[in-house]
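The lines below spell out each chain.
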Amino acid sequence: DLGSIQVAQNADTMYIVHPKYQPQKLTRTNDTDWKITAASGQNYPFTSEGNYPRAVAFAQGRLWYGGTEKAPDKFWGSMGPKDDGTPQFDDFTTGTGEDNAVVFLMSTAGGRVEDIQWIGSNNKYLVIGTFGGVSRVTGASEDSAISPTSVNVRQMSAFGAYKSAPVLMGNSIYYIQRNELAAQEVYYDLYQDSYISETKNLLSAKITGDGIRQLEVTNGRVDILWARRNDGTLLGMSVNKAQNVSAWHRQILGGSVKVESMSAVPQ
């Protein structure tokens, strides 16, 4: 089950989701005081089998969940912050007020049910990866916040998404394509005035072997997109976006070892 866990962290609180289990809330009071409990709250809808979300993220002052077994194309946002800025991440009371919780369905031109695989965000909008592509979610306009009466879903990429969470590098979003064989980059192109989706290993198709399962990013003199291959091989793609340069490489680890998971720590 570990491969299907997704998490979202805000300061000393982390929410952990899995489609088979009730969401969990991990809190840290100090270095030696940690507690994990089942997430719950006012009008909390994720307490029974079939109603556990597979995706979670923080964005626009709300906690977002998405993609349950019974409603694979639905996503929920908690209530917004109170007037004094206090968050209300565990309150899912719906209504028509600007700060009320929100519930929406992913919609497509073809009327297909879009299974939500993950939820992410950048500094402008919510990003949702589905089996059929990647979409951005905003209010009525690009610069307005999502509310119960204002939501707009626009597709950015038609390449379906794998369930592993995306990563951000600058203004680009990187995610694993549904077939697990390609890493996709989605970014806004000023000259074309549209969002572009690029397959990053198009010229190195065999580098991903029989598939990749996880991505991470480190920033430094050279930014690197890391990828964990299904066979335990560690891949990296060095990126210089200003020069439009990206180059793949394998990281050879000593001994008979396999990479099972990875995490990047800013340093």
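Details of the structure are given in the entry above.
My aim in this report is to walk through the structure given alongside it, one point at a time.

On to a nonpolar patch on the surface, then. Judged by side-chain polarity, Leu2, Ile5 and Val7 come together as a nonpolar surface patch covering roughly 290 Å² of accessible area. Within the fold, Leu2 resides in the segment before strand S1 (6–10).

Consecutive residues of a regular strand have side chains that alternate between opposite faces of the sheet. Taking burial as the measure, the five residues of strand S6 (residues 62–66) include five buried ones, the bulk of the element. Side chains Arg62, Trp64 and Gly66 of S6 all project onto a buried face; the interleaved residues Leu63 and Tyr65 project onto the opposite face, where all are buried too. As judged from the five bridges shared by strand S5 (residues 55–59) and S6, these two strands associate in the antiparallel manner. Bridge pairing in S6 links Phe58 to Leu63. The hairpin formed by S5 and S6 contains two residues between the paired strands, and Gln60 there has a positive phi angle of roughly 55°. Bridging between S6 and strand S7 (residues 74–77) involves three bridges; their strand directions are antiparallel.

A separate point is a negative patch on the surface. On the surface, Asp83, Asp84, Glu98 and Asp99 cluster together into a patch of negative charge. Tracing the sequence through the fold places Glu98 in the loop between S7 and strand S8 (102–105).

Its place among the elements puts Gly133 in strand S11 (residues 133–138). On the basis of relative accessible area, Gly133 is assigned to the buried category, the value being 0%. Separated by 106 residues in sequence, Gly133 and Thr27 have C-alpha atoms that sit 33 Å apart.

Strand order in the open sheet formed by four strands is S13-S14-S15-S16, with antiparallel pairing between adjacent strands. Both outer strands of the open sheet, strand S13 (167–169) and strand S16 (194–199), are each paired with one neighbouring strand and no more. Pairwise comparison of adjacent strand axes, ignoring direction, gives a mean angle of 25° for this sheet. Relative to strand S14 (residues 172–176), S13 runs antiparallel, the two sharing three bridges. Residue pairing across strands places Val167 opposite Tyr174, the latter belonging to S14.

For the rest of this paragraph, the subject is the sheet that holds S1. The strand order across the open sheet formed by four strands is S1-S2-S3-S4, and the pairing between neighbours is antiparallel. A strand with exactly one partner marks an edge of an open sheet, and here the two such strands are S1 and strand S4 (33–38). For this sheet, the mean angle separating the axes of adjacent strands, direction not counted, is 20°. Pairing geometry for strand S3 (residues 21–30) and S4, over six bridges, is antiparallel. Paired with Leu26 across the bridge in S4 is Ile36.

Basis of the calculations
- Position labels on residues start from 1 in each chain and follow its written sequence.
- Selection of residues for local features in this predicted model requires a pLDDT of at least 70, selection of side-chain atom pairs for listing and counting requires 80 or more, and totals for whole chains, interfaces and linings are taken over all residues.
- With hydrogens and water set aside, each side-chain value is computed from the structure's full complement of heavy atoms.
- Patch definition: residues with relative accessible area over 30% and no salt bridge; like charges joined within 9 Å; nonpolar side chains (Val, Leu, Ile, Met, Phe, Trp, Tyr) joined within 5 Å.
- Computed with a 1.4 Å probe, the accessible areas rest on the Shrake-Rupley method; for each residue, only the protein chains presented here act as cover.
- Whenever a carboxyl oxygen of Asp or Glu lies within 4 Å of a side-chain nitrogen of Lys or Arg, that contact is scored as a salt bridge.
- Elements are defined by DSSP. Helices are runs of H or I of four residues or more, strands are runs of E of two residues or more, and each kind is numbered from the N terminus.
- Partly exposed residues are those whose accessible area sits between 20% and 50% of the maximum for their type, while under 20% is buried and over 50% is exposed, using a 1.4 Å probe and protein chains only.
- Note on pairing: DSSP must find at least two bridges between two strands before they are called paired.
- The charged-residue count follows a simple rule in which Lys and Arg add positive charge and Asp and Glu add negative charge, with His and chain termini not counted at all.
- In plain terms, the charge of a residue is placed at NZ if it is Lys, CZ if Arg, CG if Asp and CD if Glu.
- Convention adopted: a line fitted to C-alpha atoms gives each axis, helices being fitted over their contacting stretch, and angles between N-to-C directions are expressed from 0 to 180 degrees.

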